[in-house]
Amino acid sequence: MRPTIIAGNWKMNLGLSEAKTLAEGIKKGLPSLKDTLVWVFPSHLHIPAVIEAVKGSPIQVGVQNIYPSDLTAMTGETAPHQAEDFGIKLGLVGHSERRQYHGETNKICSDKTYFLLSRGWRVVYCIGEKLEEREAGKTFEVLSTQIREGLETIDSNHLKNVILAYEPVWAIGTGKTATPEMAQEAHAFIRKEVSALNSGTEEIAKAMPILYGGSVKPDNIKSLLEKEDIDGGLVGGASQKTESFLGLL
Ligand code: 13P
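Novice: Now, about the overall build of the protein: what can you tell me, with residues and values included?
Specialist: Counting its secondary structure elements, the protein contains 12 helices and eight strands. The C-alpha radius of gyration computed for the protein amounts to 17 Å, which stays within 12% of the reference 18 Å derived for 249 residues, consistent with globular compactness. Expressed as lengths along the three principal axes of its C-alpha atoms, the size of the protein is roughly 45 × 45 × 35 Å. Put simply, the protein has 249 residues, and 50% of those count as buried. When contacts within the protein are restricted to residue pairs at least 6 apart in sequence, those whose partners lie at least 24 apart make up 72%. Taken as a whole, the protein presents about 11700 Å² of accessible surface, with 52% of it coming from carbon and sulfur. Distance from the positive charge centre (27 side chains) to the negative charge centre (31 side chains) of the protein: 3 Å.

This is the structure in structure tokens:
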């Protein structure tokens, strides 16, 4: 039985007081939901305030990005041990904005994933095709490469701590959601690919939560979550307002 995960990626949005107010609002309005995990990924600078705001609730805080090494000269980056000081062992890897604007290749994503998993983290590994790739009929090829090159070096024991997020790039922040049928088709394919990754990954694939991301809103989340292989949402815009975050829940 896979949990449902509703994860809010706040990206580079919100000021400090807005992030605090949002976190407090979500905590206050949080319904009690069975088998549902609620995660938020604020800006690094807002993490202490958000952790304080959600204290005493089951809401978990993660990082949007992390550097796959410790204690080194790497100006501008954050090391895993620095997040762990805040009790964080949850991170996004491979978001399309990192791939697109920061040159993160599958190899870099793989290194990050490997390093974090070896420290006992849970990793939300994001994949997804661009519009031109979908139009050229290359969606499955792209997803397959992202899965293989990102995860094939991870042993089964660690792969259990990976959550996949399918975020078609053309649906992010555009208001264009993949239809539940399109998303389900991609999710089923992703599960099959994870299952075929290595020996012993079949059972892991069955238990792995696969989240959908890309213009998820309170009014479309239900039809997405009804699909067999869609286990939650990785939500940008609609997670950044108390009312719509609670609406998703
Ligand atoms: P939107 O929900 O704003 O489309 O963003 C999706 C996303 O990128 C979540 O990581």
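Next comes the rest of the account.
Novice: A description of the sheet that holds strand β6 (residues 162–166) should follow, citing residues and the corresponding values.
Specialist: Pairing within the open sheet is parallel, and its eight strands lie in the order β3-β2-β1-β8-β7-β6-β5-β4. Either end of the sheet is taken by a strand with one partner, and the two such strands are β3 (60–61) and β4 (90–93). In this sheet, strand β2 (residues 36–41) lies alongside strand β1 (residues 4–9) in parallel orientation, the contact comprising six bridges. Its bridge partner being in β2, I6 is matched across the sheet by V38. Against the sheet, helix α7 (residues 139–151) makes contact with β5 (122–127) and β6, and its axis sits at roughly 150° relative to β5, the strand it touches most.

Novice: Summarise unusual backbone geometry; cite the residues concerned and give the values.
Specialist: Peptide bonds are trans in most cases, and residues, glycine excluded, mostly fall at negative phi. With phi around 50°, K11 is a residue other than glycine that occupies positive phi space. Looking at the secondary structure, you find K11 in the loop between β1 and α1 (16–29). Of note in the backbone geometry, S215 takes a positive phi value of approximately 60° without being a glycine. Along the chain, the position of S215 falls in the loop between β7 (210–212) and α11 (221–225). What makes S215 buried here is its relative accessible area of 9%.

Novice: Go over the site of the ligand with me, naming the residues and quoting the values.
Specialist: Taken together, 13 residues form the shell around the ligand, and within it K11, H95, E167, G173 and S215 come nearest. Contact between the ligand and G236: an oxygen atom at 2.9 Å from a main-chain N or O atom of the residue. Classifying every residue of the shell around the ligand gives four nonpolar, seven polar and two charged.

Novice: Outline the packing of α1 against helix α2 (residues 47–54), listing residues and values.
Specialist: It is the contact of α1 with α2, at a shortest axis distance of 8 Å, that shows an interaxial angle of 25°. As far as their axial angle goes, α2 and α1 are roughly parallel. In this structure, α1 meets α2 at a crossing whose hand is right-handed. On α2, the residues that touch L16, A19, K20, A23, E24 and K27 of α1 are A49, V50, A53 and V54.

Novice: Talk me through the pattern of salt bridges; I want residue IDs and the actual numbers.
Specialist: Tallying each qualifying case throughout the model produces 15 salt bridges. Of the charged contacts in the structure, one is a salt bridge between K227 and E181, with a shortest N-O distance of 3.4 Å. With K227 in the loop between α11 and β8 (232–235) and E181 in helix α9 (residues 180–195), the pair connects residues that are 46 residues apart, well separated along the chain. The class of K227 is partly exposed, set by a relative accessible area of 25%. One salt bridge connects D229 with R191, and the closest N-O pair in it is separated by 2.6 Å.

Novice: Tell me about the pairing of β2, residues and numbers included.
Specialist: Handedness of the crossover joining β1 and β2 through α1 is recorded here as right-handed. Pairing analysis gives two bridges linking β2 to β3, with the strands arranged parallel. Looking at β3, one finds that V40 is bridged to V61. With α2 bridging β2 and its parallel neighbour β3, the resulting β-α-β unit is right-handed.

Novice: Can you tell me about the side chain of K11, naming the residues and giving the values?
Specialist: For K11, a relative accessible area of 18% puts it in the buried group. Beyond its immediate chain neighbours, meaning those up to four positions away, K11 contacts F41, S43, Q64, H95, E97, I172, G236 and Q240.

So, how was this worked out
Residue numbers restart at each chain and count upward from 1, following the sequence in its written direction. Local features are withheld for residues below a pLDDT of 70 in this predicted model, meaning they are given only at 70 or higher, and side-chain atom pairs are given and counted only at 80 or more; totals for whole chains, interfaces and linings count all residues. Hydrogens and water molecules were not included; the side-chain quantities draw on all heavy atoms of the structure. Counting from the N terminus, the helices are DSSP H or I runs at least four residues long and the strands are E runs at least two residues long. With the radius of gyration taken over C-alpha atoms, the globule rule is written as 2.2 Å times the number of residues to the power 0.38. Only protein chains enter the accessibility calculation, which uses a 1.4 Å probe. A residue is then buried if its area is under 20% of the maximum for its type, exposed if over 50%, and partly exposed in between. What makes two residues a contact is simply this: any of their non-hydrogen atoms within 4.5 Å. Here the open area of atoms and residues is found with the Shrake-Rupley method and a 1.4 Å probe, where only the protein chains shown may cover a residue. When charges are counted, Lys and Arg contribute as positive and Asp and Glu as negative, whereas His and the chain ends are disregarded. Here the site of a charge means atom NZ of a Lys, CZ of an Arg, CG of an Asp or CD of a Glu. Strands pair, by our definition, only if DSSP identifies at least two bridges between them. Note on geometry: axes are lines fitted to C-alpha atoms, helical ones only across the stretch in contact, with angles between N-to-C directions running from 0 to 180 degrees. One heavy atom within 4 Å of a molecule or strand makes the whole residue count as near it. Within 3.5 Å is the distance limit for a polar contact, defined as a pair of N or O atoms, with the added protein rule that one can donate a hydrogen and the other accept it, and that residues adjacent in sequence qualify only through two side-chain atoms. Side-chain classes are defined by residue name, with Ala, Val, Leu, Ile, Met, Phe, Trp, Tyr, Cys and Pro counting as nonpolar, Asp, Glu, Lys and Arg as charged, and the others, Gly among them, as polar. For this classification, under 35 degrees means roughly parallel, over 145 means roughly antiparallel, 65 to 115 means roughly perpendicular, and everything else is oblique. Working rule for handedness: look at the near helix, and if it is turned counterclockwise from the far one by less than a right angle, call the crossing left-handed; if clockwise, right-handed. Salt bridges are defined as contacts in which a side-chain nitrogen from Lys or Arg sits within 4 Å of a carboxyl oxygen from Asp or Glu. Handedness rule for crossovers: strands pointing away from the viewer, path from the first strand over the helix to the second running clockwise, crossover right-handed.

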